[in-house]
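Structural features, examined
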Amino acid sequence: SFCKRVVGCDVSSMMIDHANATHGSPGFRNNLSFVVGDATELPFKSEFDLVSSFNALHWVPLTKHPDVLAGIKRSLKPNGRIFLEFEAEESMGALIEMYNEVAR
């Protein structure tokens, strides 16, 4: 398979329950799991080749973005990649600056 392991993470236990009900049925995919977690305190260490976020980061206060980015960096394996998709009207420059600082 293309992905050896896929982990979905959301701060809302209701969203995780929905994901499990929709996609987590036994035998559906053995490599798919969902966990409740706060993006500012990701519990993963060097576990993923890719971390992606779709329409979530703009819900996190800008002051917490460095924590999110540091957690993503910590979650990635060496040479891992990040893909972020979000609404960023005025925060894009600040986000890029924070990412560059965290990436050092």
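Predicted model only: the values in this text are computed from it and were never measured. (Residues numbered from 1 in each chain as written. Predicted model: local features only at pLDDT ≥ 70, side-chain atom pairs only at ≥ 80, totals over all residues. Heavy atoms only, no water.)

**Considerations on the overall build of the protein**
When its secondary structure is counted, the protein shows three helices and four strands. Burial status across the protein gives 26% buried among its 104 residues. For the protein, contacts bridging at least 24 residues in sequence account for 78% of all contacts bridging at least 6. Of the roughly 7600 Å² that the protein leaves accessible, carbon and sulfur atoms contribute 55%. (Helix = DSSP H or I, 4+ residues; strand = E, 2+ residues; numbered from the N terminus. Buried < 20%, exposed > 50% of the residue type's maximum accessible area, 1.4 Å probe, protein only. Contact = heavy atoms within 4.5 Å. Areas by Shrake-Rupley, 256 points an atom, 1.4 Å probe, with all protein chains shown as cover.)

**Some remarks on the pattern of salt bridges**
Taken as a whole and judged by the stated rule, the model has two salt bridges. Two residues, Glu-47 and Arg-5, come together in a salt bridge whose shortest N-O distance is 3.1 Å. You can see Glu-47 sitting in the loop between strand E2 (32–36) and strand E3 (48–54) and its partner Arg-5 sitting in the segment before strand E1 (6–10), a full 42 residues away along the chain. Taking relative accessible area as the criterion, Glu-47 reaches 29% and is therefore assigned partly exposed. With a shortest N-O distance of 3.9 Å, Lys-77 and Asp-49 are connected by a salt bridge. Of this pair, Lys-77 sits in strand E4 (residues 76–85) while Asp-49 sits in strand E3; the two residues are 28 residues apart in sequence, bridging distant segments of the chain. For Asp-49, a relative accessible area of 52% corresponds to the exposed category. (Salt bridge = Lys/Arg side-chain N within 4 Å of Asp/Glu carboxyl O.)

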